[in-house]
Amino acid sequence: MNRERRTALVAMLFLLPNFAGFAVFMLGPVLFSLVAAFTNWTLVKDVPFRFVGIANFQELLGRQEFWMSAINTAYLMLGMPVSIAGSLFLAVLLSERIRGATIYRTLFYLPSFTSGAAVFILWKKLYNPEYGPVNTALRAGADAAGMEGFTGPQWLASTQNLLGLDALDIGFSWGQWGLGARDALIIMGLWMTIGGSNMLLYIAGISNIPQELYEAADIDGAGRWRRFVHVTWPQLAPTTFFIVIMSFIAGLQGGFEQARVMTDGGPANTTVTLAFHIYHKAFMEFRIGYASAVAWILFTIIFGITLLNWRFGARHGND
Amino acid sequence: MKELFSGALAVLCVLSGVAYLWQPRPESARLDRIRAVIAGGRDGVPVAAVRARWAELGRGGQEGIDYLDFPDAVLARLPASCLDPLMIPADALTAYLTQTTRPGRGDAALLALSRAHAGGVAALPEASVALRRLRGALVLDAIAAAGFEFPERDAVRRRMAIPDEVRFDAFLREGPPLGAADRERIDALTYWIFEADLDDDFTLTADEADGYLARLDSDGDGTIGPSDLPERPIPLLWSSAPGSIRTRQIEAFNRRYPKHALALDAYVSSIDKVIVQCLAGVGPDIFDAINPFQLAAFVNSGVARDVTEAFAERGIRTDDIWPAVAPYYMMDGRIYGHPRNAGAPAMWFNKDMFDAAGIPYPAADWTWDDFIAIAQRLTERDAAGRPTRFGMISTWDHTSWFPIMITRQWGAPLFNAEGTRCVIDGPAAEAAFRFTQEMMYTARVMPTPSDEAAMANAGGWGGGALTLFAGGRGAMAIGYRWWLVVLREPEFAHLNLGVVPLPATPGGAIEGGGGAVIVNQAARNLEGAMRFMEFLHSAAYNDLNNDAADSLSPVRTFYYGESETDYLDNPRFPHEDYHAVWRDVLAQAEPPNISPYINGQLAERIVLKYGDFIKYRSEDRDIGSILSALAAEMNRAIVASLRENPPLRERYMRAVAAGAAPAWDRPEDAP
């Protein structure tokens with residue numbers, strides 16, 4: 001056995017425990033769920049198990065619940081660009097040589113290492129439409145501005161949203177225009193993610209930008225803004241690309257914890273995301289086959305969007 | 001340095017492992033003692049004979065036999081035959097019983113006890129000494145009456161007559177030292193008697209004696225002998241919510257059936273985990289069904305065991321169980337478990353708040369109109385007009401309990417009687433919800449969801465109607481008897497409470513609720529699981545649960561006849577004057593209205609989805625149209641579930657052929 005092969009073998013051996021875990025606990029179940037998606041598998045013993053072809057996919061594409069939860073998922077992702085821009089803004093600020101930068105970084109990162117459930121419960125209190133601090137502040141502002149009878153948004157108690165999406169049917173309705181539960185979740189999401197790992201990634205990215213580029217820009221007479229546009233932003237392209245992909249994946253899979261802890265999918269199922277929908281179909285209604293089909297649709301969407309990102313985003317990143 | 005540290009850590013790990021393996025096992029030591037006693041000559045005492053003996057001793061009724069806290073030194077000198085409670089002649093115990101009831105004899109002990117009660121913990125040793133002395137005297141009397149030889153009897157008697165515990169103690173100390181064998185015998189005897197006394201009141205009732213015998217005869221062959229002793233208790237796993245009551249129930253079971261070691265599996269709490277684990281063959285032996293539609297999920301997935309015949313063989317009569325909780329353990333006439341409690345909602349009210357407002361307590365036949373007038377008078381508001389105290393507290397939370405309860409009470413069930421069609425879209429349900437909105441938003445006598453969340457915040461309590469009511473944030477509250485578990489805490493001792501049935505509604509019904517324990521189809525300890533079913537049906541369990549006030553106990557026969565007074569007047573809580581109300585509302589309650597043709601979780605989700613529009617009072621939708629949409633979606637879901645499940649569909653079609661209303665309106669929508 002030559003030296004190279006031996007090294008490879010040793011490497012394999014070291015990788016084996018990790019790979020075995022991956023195969024048993026990830027790859028196996030994933031493939032199993034792919035097969036399950038084409039069956040009528042439920043936990044009801046009277047129903048004979050059989051392969052149903054693409055019936056699950058046909059059914060789910062024809063079901064309003066699926067589309068509603070897909071719409072909810074997409075809606076909750078509307079905060080993503082704001083969140084990424086906010087992270088970048090903070091990162092640029094915190095990369096300046098200011099006194100106590102470390103303290104600020106820690107403070108902004110706090111929401112990320114606070115327990116999710118605790119944060120959700122806290123925000124639930126903040127959003128109380130009548131007594132919560134958010135609306136109390138809004139009402140005080142409205143009073144000062146001389147607005148009579150301003151009550152403030154109903155937040156988690158409302159099905160309204162900024163796009164005017166209807167609560168029961170796919171479509172829009174004028175009465176639904178306003179701020180409701182989904183917007184509340186977006187705002188909370190911003191608070192949690194702006195100062196989170198995206199900010200850290202950007203700070204790391206900025207610190208890797210060669211100082212010479214800035215010096216050259218200075219010599220060319222670039223101001224702050226032009227330095228940002230022509231040096232910082234292009235240099236951060238790979239970081240941004242990574243963050244966008246990861247945010248898309250997280251966004252499409254997200255909403256489960258919020259739904260479990262804060263809203264139970266309410267009001268009127270408007271905070272049911274695809275992830276929560278899958279959970280409910282599989283473990284509350286016991287339609288495992290159907291839920292697997294939804295999960296694979298979700299996977300396909302994530303895969304497709306990531307592919308698109310690679311195709312267009314990566315090219316942009318190389319410019 | 002680092003190596004030293006990790007080395008020390010490794011040694012520590014090994015040491016703690018060894019210590020764990022070598023720790024003394026109290027369970028097996030106790031069993032060994034019982035084994036020693038049972039193996040001591042009498043193989044197979046017929047249970048029937050022993051039961052007759054106990055019945056004789058208990059004088060055939062619930063009247064108890066006070067047993068003795070034998071002083072060790074006295075016991076050590078008794079003849080061996082005295083140490084077996086089954087062998088103490090009836091006369092001896094009868095004589096002893098007479099002694100305990102003789103006036104004057106117990107005075108010293110009673111005095112000491114009452115002083116201990118008044119003086120707190122510091123006076124307890126005194127009371128304990130007095131009690132021991134009294135019991136020492138009485139056991140001597142009993143032995144003498146039985147004619148046993150006991151040379152020191154007179155000496156003891158002489159000294160005992162002098163009311164001086166120091167000298168009495170001295171006598172005990174002066175006696176010969178106890179040998180190891182004496183200790184064994186004493187331990188075995190006190191263990192047996194103590195274990196039989198399930199409620200620890202130092203009194204053996206006939207029921208306790210029966211349970212004690214059942215426990216001894218753990219293999220159920222009608223004799224007590226070495227075959228009843230396991231090498232080691234067999235694990236029995238119960239998936240249920242943890243709590244102090246659960247701990248008491250588990251201890252009581254384990255004392256009664258030492259062959260089994262019942263333990264709580266509190267981490268398998270949700271229905272999905274239970275089903276998945278059971279199907280995978282690693283599930284608990286028994287698990288809870290805590291809402292009426294969970295049983296169907298367990299039965300349909302094949303994890304619930306049909307115990308109908310086993311119940312008949314063991315003489316567990318379901319006729320004795322409150323009918324209002326039938327759906328929790330019975331489906332299509334087959335039995336899958338036994339309820340552990342039962343209850344129906346009624347109106348708690350705060351007497352002091354009524355008195356302060358000069359309002360007479362509500363009468364049992366009051367109406368919702370009476371209610372709203374009273375509730376308005378009892379609601380207090382701050383300067384901004386926002387209620388600080390509500391006339392009535394109830395919670396419409398993330399379960400379907402409130403909407404189902406209120407509509408049913410107003411005469412509008414969710415499904416028709418056969419469960420084939422959702423019929424919530426009628427005027428009765430509309431009226432119920434209109435009234436609910438009026439209570440919350442117009443009259444402002446009941447908290448809206450945001451009121452409730454805000455109060456939970458301000459008061460420092462958790463959420464929920466119970467904590468708000470207990471915290472004085474409401475004058476009335478729709479609740480259950482199990483609230484007593486919390487309300488009996490010392491911090492709520494100042495509350496002066498009453499209970500009255502919910503206001504009457506023509507055609508309305510109250511639904512029963514509770515919890516049942518279901519047997520796993522693949523239970524590894526099936527015998528233990530069935531023993532637990534017997535336990536849930538026994539007087540011991542029912543009394544324990546009743547006393548703990550975890551709603552009412554499952555077996556209704558314990559609420560009438562001889563046991564009635566025990567239930568109605570709990571001497572520990574003499575001010576609780578409302579136990580009859582809880583019993584009577586449960587007696588009149590109806591079983592929950594569920595449909596066997598739709599997954600219960602899905603049905604609940606649909607109710608919640610549309611209920612949100614009512615709960616948050618959506619401006620652009622009226623209640624009638626919300627209810628029509630609810631019923632339409634529910635009926636579509638029923639049809640979809642029938643399409644998926646051919647056997648269920650057949651059953652459904654039979655019901656429709658027999659005259660039940662189908663879930664569809666147009667024939668082409670039929671599955």
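Predicted, not measured: the structure shown is a model, and the values here were computed from it.

Calculation criteria
- Residues numbered from 1 in each chain as written.
- Chains lettered and ligands numbered in written order.
- Predicted model: local features only at pLDDT ≥ 70, side-chain atom pairs only at ≥ 80, totals over all residues.
- Heavy atoms only, no water.
- Helix = DSSP H or I, 4+ residues; strand = E, 2+ residues; numbered from the N terminus.
- Buried < 20%, exposed > 50% of the residue type's maximum accessible area, 1.4 Å probe, protein only.
- Contact = heavy atoms within 4.5 Å.
- Areas by Shrake-Rupley, 256 points an atom, 1.4 Å probe, with all protein chains shown as cover.
- Lys, Arg positive; Asp, Glu negative; His and termini not counted.
- Charge placed at Lys NZ, Arg CZ, Asp CG, Glu CD.
- Patch = residues over 30% accessible without salt bridge, like charges linked within 9 Å, V, L, I, M, F, W, Y side chains within 5 Å.
- Salt bridge = Lys/Arg side-chain N within 4 Å of Asp/Glu carboxyl O.
- Buried area = accessible area lost by both parts, 1.4 Å probe.
- Arc of directions from axis to C-beta.
- Core = buried A, V, L, I, M, F, W, Y, C linked by side-chain atoms within 4.5 Å.
- Pairing = 2+ DSSP bridges.
- Phe/Tyr/Trp six-rings, centres within 6.5 Å; stacked < 30°, edge-to-face > 60°.
- pLDDT = per-residue confidence, 0-100.
- Axes fitted to C-alpha atoms, helices over the stretch in contact; angles between N-to-C directions.
- Parallel < 35°, antiparallel > 145°, perpendicular 65-115°, else oblique.
- Left-handed = near helix turned anticlockwise from the far one by under 90°.
- Nonpolar A, V, L, I, M, F, W, Y, C, P; charged D, E, K, R; others polar.

1. So, the overall build of chain A
Regarding its fold elements, chain A presents 15 helices and zero strands. Its C-alpha atoms give chain A principal-axis dimensions of about 85 × 75 × 35 Å. Taken over 319 residues, chain A has a buried fraction of 41%. In chain A, 62% of the contacts between residues at least 6 apart in sequence involve partners at least 24 apart. Of the roughly 17,900 Å² of accessible surface on chain A, 68% is carried by carbon and sulfur atoms. A gap of 9 Å separates the mean positions of the 21 positive and 19 negative side-chain charges of chain A.

2. A few points about a nonpolar patch on the surface
All names here are of chain A. Taken together, the side chains of Phe 19, Phe 22, Val 24, Phe 25, Met 26, Leu 27, Leu 31 and Leu 34 present a nonpolar region at the surface, about 790 Å² in accessible area. Its location among the elements puts Phe 19 in helix α1 (residues 3-36). Accessibility expressed as a relative area gives 49% for Phe 19, which makes it partly exposed.

3. Side note on a negative patch on the surface
All names here are of chain B. A cluster of acidic side chains, namely Asp 365, Asp 369, Asp 370 and Glu 438, defines a negative patch on the protein surface. With respect to the helices and strands, the residue Glu 438 is situated in helix α19 (residues 427-442). With a relative accessible area of 36%, Glu 438 lands in the partly exposed category.

4. Side note on the interface of chain A and chain B
Accessible area lost when the parts come together is the quantity often used to give the size of an interface. Contacts between the two partners involve 39 residues from chain A and, on the opposite side, 36 residues from chain B. Of the roughly 3,100 Å² buried at the junction of chain A and chain B (both faces included), carbon and sulfur atoms supply 55%. When residues of chain A are sorted by the area they lose upon contact with chain B, Leu 43, Tyr 131 and Leu 168 of chain A head the list and together hold 19% of the total. Between chain A and chain B we count four salt bridges in total. If you list the elements that add at least two residues to the side of chain A that touches chain B, you get α6 (116-126), α13 (256-263) and α14 (274-283) of chain A.

5. Considering helix α17 (residues 368-378) of chain B
Residue and element names in this part refer to chain B. Residues of α17 that are buried: Trp 368, Phe 371, Ile 372, Ile 374, Ala 375 and Leu 378. The buried residues of α17 occupy an angular sector of 165° when projected down its axis, which confines them to one face. Exposed residues on α17 whose side chains face more than 90 degrees from its buried face are Asp 369 and Arg 377.

6. Thoughts on the nonpolar core
The biggest cluster of nonpolar side chains holds 151 residues, and the ones touching the most others in it are Phe 298, Trp 348, Phe 371, Met 476, Phe 532, Met 533 and Met 634 of chain B. Filtering out sequence-adjacent residues up to four positions away, Phe 298 of chain B remains in contact with Ile 271, Val 274, Ile 275, Phe 287, Asp 288, Ala 289, Val 303, Ala 304 and Ile 518 of chain B. By size, the runner-up hydrophobic cluster in this structure holds 34 residues, among which are Met 77, Ile 206, Val 294 and Ile 297 of chain A.

7. A closer look at the pairing of strand β13 (residues 387-393) of chain B
Taken residue by residue, a regular strand's side chains alternate between the two faces of the sheet. Residue and element names in this part refer to chain B. The buried fraction of β13 is high, at six of seven residues. Where strand β12 (residues 380-381) meets β13, two bridges bridge the pair, whose relative direction is antiparallel. In the sheet register, Arg 381 faces β13, and the bridge partner there is Pro 387. Here β12 folds back onto β13, and the loop between the two strands holds five residues, one of which, Gly 385, carries a positive phi near 85°. Pairing of β13 with strand β14 (residues 474-479) involves three bridges; the strand directions are parallel. Residue pairing for β14: Ile 393 is matched across the bridge by Ala 477.

8. Notes on the packing of aromatic side chains
As enumerated under the stated definition, the model contains 45 aromatic pairs over all chains in all. Here the aromatic rings of Phe 38 of chain A and Phe 57 of chain A are separated by 5.3 Å at their centres, their planes lie at 45°, and the arrangement is tilted. In this pair, Phe 38 of chain A is assigned in the loop between α1 and α2 (55-61) and Phe 57 of chain A in helix α2, connecting sequence segments 19 residues apart. Overall, the relative accessible area of 15% leaves Phe 57 of chain A in the buried class. One aromatic cluster in this structure is built from Trp 348, Phe 469, Trp 482, Trp 483, Tyr 578 and Trp 582 of chain B.

9. Considering the pattern of salt bridges
Inspection of every chain in the model, using the stated rule, returns 35 salt bridges over all chains. Among the salt bridges present, the one from Glu 65 of chain A reaches Arg 63 of chain A, with a minimum N-O distance of 2.6 Å. When salt bridges with common partners are traced through the structure, they connect Glu 59, Arg 63, Glu 65, Lys 281, Glu 285 and Arg 287 of chain A together with Glu 644 of chain B into a single cluster.

10. Things to note about unusual backbone geometry
Gly 266 of chain A connects to Pro 267 of chain A through a cis peptide bond whose omega is -5°. Looking at the secondary structure, you find Pro 267 of chain A in the loop between α13 and α14. Its identity as a non-glycine residue notwithstanding, Asp 264 of chain A has a phi of 55°, on the positive side. One can find Asp 264 of chain A in the loop between α13 and α14. Non-glycine residue Arg 444 of chain B carries a positive phi angle of around 55°.

11. Focus on the confidence of the model for chain B
Residue and element names in this part refer to chain B. Averaged over chain B, the pLDDT score is 75; the fraction of residues at 70 or greater is 64%. Here residues 53-135 is modelled with pLDDT under 50, and outside its nearest four sequence neighbours on either side it reaches 138 contacts, counting other chains as well. For the stretch residues 156-179, pLDDT sits under 50, and the model shows 26 contacts to residues farther than four places along the chain or on other chains. The ipTM assigned to the predicted complex is 0.84, against a pTM of 0.74.

12. Comments concerning the pairing of strand β16 (residues 513-519) of chain B
Residues and elements named next belong to chain B. Burial analysis of β16 places six of its seven residues in the buried class, which makes it a mostly covered element. Relative to β16, strand β7 (residues 286-289) runs antiparallel, the two being bridged by four bridges. Opposite Asp 288, over in β16, you have Val 517 as the bridge partner. Relative to β16, strand β10 (residues 337-343) is paired through six bridges, and the arrangement is antiparallel. Pairing of Ala 342 across the sheet is with Gly 514, part of β16.

13. What about the packing of helix α12 (residues 244-256) of chain B against helix α23 (residues 526-537) of chain B?
Residues and elements named next belong to chain B. Look at α12 against α23: their axes get within 11 Å of each other, and the N-to-C directions meet at 110°. When the axes of α12 and α23 are compared, the pair comes out roughly perpendicular. By crossing handedness, the relation of α12 to α23 is classed as right-handed. Seen from α12, the contacting residues are Gln 249, Ala 252, Phe 253 and Arg 256; seen from α23, they are Gly 528, Arg 531, Phe 532 and Phe 535. Grouping the amino acids of the contact of α12 with α23 by side-chain chemistry returns four nonpolar, two polar and two charged.

14. Topic: the sheet that holds strand β11 (residues 346-350) of chain B
Here five strands make up an open sheet; going across it, the order is β12-β13-β14-β11-β15 (chain B) and the pairing mixed. Edge positions in the sheet fall to β12 and β15 (497-500) of chain B, since each of these pairs with one other strand and no more.

15. Quick look at the sheet that holds strand β6 (residues 260-264) of chain B
Residues and elements named next belong to chain B. The strand order across the open sheet built from five strands is β6-β5-β7-β16-β10, with neighbouring strands paired in mixed fashion. At either end of the open sheet lies a strand with only one pairing partner, and these are β6 and β10. Adjacent strand axes in the sheet meet at a mean angle of 20° when their direction is disregarded.

16. Focus: the packing of helix α4 (residues 80-95) of chain A against helix α5 (residues 101-109) of chain A
Residue and element names in this part refer to chain A. Running from N to C, α4 and α5 cross one another at 160°; their axes reach a closest spacing of 9 Å. Between α4 and α5, the angle falls in the class roughly antiparallel. Between α4, through Leu 90, Leu 94 and Ser 95, and α5, the contact on the second element is made entirely by Ala 101, Tyr 104, Arg 105 and Phe 108. Partitioning the contact of α4 with α5 into residue classes produces five nonpolar, one polar and one charged.

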